[in-house]
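Coordinates in review
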Amino acid sequence: MILSNWEKKRNQMVDLQIQARGVDDPLVLAAMRKVPRHLFVPPDYEDSAYADRPLPIGYGQTISQPYMVAVMTQALKLQGDERVLEVGTGSGYQAAVLAEIVDHVVSIERIPELAERALKTLRSLGYMNVEVVIGDGSKGYPARAPYDGIIVTAGAPEIPQVLVDQLADGGRLVIPVGDSFQQTLTRVTKKGEKVDIERLEGCIFVPLVGQYGWKENRPESI
Ligand code: SAH
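The paragraphs below set out a description of the structure included in this document. From a predicted model like this one, the values you see are computed outputs, not experimental measurements.

1. Some points on the site of the ligand
Close to the ligand lie 26 residues, the nearest being S91, E109, D136, G137 and V209. In this structure, an oxygen atom belonging to the ligand sits 3.0 Å away from a main-chain N or O atom of Q94. G137 places a main-chain nitrogen or oxygen 2.8 Å from a nitrogen atom of the ligand. Within the complex, the protein chains bury 99% of what would otherwise be the 590 Å² of accessible surface of the ligand. Of all elements in the fold, only β2 (61–63), β3 (83–87), α4 (93–101) and β4 (104–109) reach the threshold of two or more residues within the shell around the ligand. For the shell around the ligand, the element with the highest residue contribution is β2, accounting for 3 residues. Of the residues assigned to the shell around the ligand, the class counts are 10 nonpolar, 12 polar and 4 charged.

What follows is the structure, given as structure tokens:
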């Protein structure tokens, strides 16, 4: 089989940045070998699409570092038949990785221009199982709840209880929690009336801005 340069770069990204650092979920690795990340970044950054870092996508926002996408996706412990909510669509890349793995993805984004561009990218690549919604995802998206997984790709000051409420029993919420400069990737697992909270690793995200996140007038870092 002849691999394109993009495919070679993508496989290298997975081998050196993701597998080498301990991500071993075969569904996550396969999804990240498949999704054309270079088509989710602005054309000026295409050559850096497979580099080990986040990249700007406009409006002060970023597409996450590939390793972080992999770690967060693995932390959701997906098998394939789930419905997942993503808060913070951004470029749509994380949504595409999820869409490779699960039946249905709902992704909510507060900046309409980003939501619209992400939807276009996703549809042009044939991802029909992703629904993109414009709104304040710090409140979740009750219309499609409950979710087996919720992934928040922006940093929150604390765990929004409304998101926990929208999890199915046994469902997992993966969310960066901390101040606006650094956070701890946190997994909340709903177990009946209780929750199990695990702190996974340090991370740096743009702020979650909304009712249960940071207030609108707070400076948006990065
Ligand atoms: N997952 C994205 C990266 C997201 S960057 C990707 O794969 O490209 C974080 C995104 O969260 C930004 O686009 C930002 O606008 C969005 N965001 C911040 N607060 C939000 C909120 N309350 N609801 C929905 N989206 C939000």
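2. Focus on the pairing of strand β1 (residues 55–58)
Sheet topology places β1 next to β2; 3 bridges connect them, and they run antiparallel. What sits directly across from G58, in β2, is Q61. With antiparallel pairing between neighbouring strands as the criterion, β1 and β2 make up a hairpin whose turn holds 2 residues, including Y59 at a positive phi of roughly 60°.

3. Observations regarding the sheet that holds strand β6 (residues 147–152)
Spatial strand order, β5-β4-β3-β6-β7-β8-β9: 7 strands in an open sheet with mixed pairing. Sheet topology places β5 (130–134) and β9 (194–203) at the edges, where each strand pairs with a single neighbour. Each strand of the sheet is rotated relative to its neighbour by a mean of 15°, with strand direction disregarded. With 5 bridges joining them, β4 and β5 adopt parallel strand pairing. In the strand pairing of β5, S107 is matched with V132. Along the sheet face, helix α5 (residues 112–124) touches β4 and β5 and points at about 165° away from the line of β5.

4. As for the packing of aromatic side chains
In this structure the tally under the stated criterion is 2 aromatic pairs. On the basis of an interplanar angle of 45° and a centroid distance of 6.0 Å, the ring pair of W6 and Y50 is categorised as tilted. Taken as a pair, W6 in helix α1 (residues 5–19) and Y50 in the loop between α2 (26–34) and β1 lie far apart in primary sequence, 44 residues in all. Between F40 and Y93 the ring centres are 5.8 Å apart and the planes differ by 70°, which places this aromatic pair in the edge-to-face class. Of this pair, F40 sits in the loop between α2 and β1 while Y93 sits in helix α4, and the two are 53 residues apart along the sequence. Exposure class is identical for F40 and Y93. Each is buried. Its guanidinium or amino end placed over the ring of Y67, R21 lies 5.2 Å from that ring's centre, counting from NZ or CZ. Taking NZ or CZ as reference, R37 lies 5.0 Å from the ring centre of Y93, over its face.

5. Observations concerning the nonpolar core
By size, the foremost hydrophobic cluster in this structure holds 47 residues, and its most contacted members are I18, V23, M32, Y93, L122 and V130. Of all the secondary-structure elements, those providing two or more residues to this core are α1, α2, β1, α3 (66–75), α4, α5 and β5. By size, the runner-up hydrophobic cluster in this structure holds 18 residues, among which are L167, L173, V177 and V188.

6. Concerning the pattern of salt bridges
Pairs may arise between side chains of opposite charge once their charged atoms sit close together. Scanning the model with the defined rule gives 7 salt bridges in all. Close ionic contact of R33 with D15 constitutes a salt bridge, the shortest N to O distance being 2.9 Å. Here D15 lies in helix α1 and R33 lies in helix α2, a separation of 18 residues in the sequence. Classification of R33 as partly exposed rests on a relative accessible area of 28%. The salt bridge involving E100 is made with K34; its shortest N-O contact spans 3.2 Å. With E100 in helix α4 and K34 in helix α2, this residue pair connects regions lying 66 residues apart in the sequence.

What counts, and at which threshold
Within each chain, residue numbers correspond to sequence positions counted from 1 in written order. It should be noted that, the model being predicted, local features are given only for residues of pLDDT at least 70 and side-chain atom pairs only at 80 or more, the latter also being counted only at that level, while totals for whole chains, interfaces and linings use all residues. The side-chain numbers reported here are obtained from all heavy atoms of the structure, hydrogens and water having been left aside. Any residue with a heavy atom positioned within 4 Å of a molecule or strand is treated as near that molecule or strand. Any pair of N or O atoms that falls within 3.5 Å is considered a polar contact. Within protein, one atom must be able to donate a hydrogen and the other to accept it, and sequence-neighbouring residues count only if both atoms are side-chain atoms. Per-residue accessibility takes into account occlusion by the displayed protein chains alone, with areas from the Shrake-Rupley method and a 1.4 Å probe. Each helix is a run of H or I in the DSSP string that is no shorter than four residues. Each strand is a run of E no shorter than two, and both are numbered from the N terminus. Three residue categories are used. Nonpolar comprises Ala, Val, Leu, Ile, Met, Phe, Trp, Tyr, Cys and Pro, charged comprises Asp, Glu, Lys and Arg, and polar comprises the others, including Gly. For two strands to be treated as a pair, DSSP must find at least two bridges joining them. To get an axis, fit a line to the C-alpha atoms, keeping to the stretch in contact for a helix; angles then go from 0 to 180 degrees between the N-to-C directions. Contact between two residues is taken to exist if any of their heavy atoms lie within 4.5 Å; hydrogens are not considered. Within 6.5 Å between ring centres, the rings of Phe, Tyr and Trp (the latter by its six-membered ring) count as paired, and their orientation is classed by plane angle as stacked under 30 degrees, edge-to-face over 60, tilted in between. Whether a residue is buried, partly exposed or exposed follows from its accessible area with a 1.4 Å probe, protein chains only, as a fraction of its type maximum: under 20%, in between, or over 50%, in that order. Should the NZ of a Lys or the CZ of an Arg lie within 6 Å of a ring centre and within 35 degrees of the ring normal, that charge is described as sitting over the ring. We call a set of buried residues a nonpolar core when its members are Ala, Val, Leu, Ile, Met, Phe, Trp, Tyr or Cys and they connect through side-chain atoms within 4.5 Å of each other. Whenever a carboxyl oxygen of Asp or Glu lies within 4 Å of a side-chain nitrogen of Lys or Arg, that contact is scored as a salt bridge.

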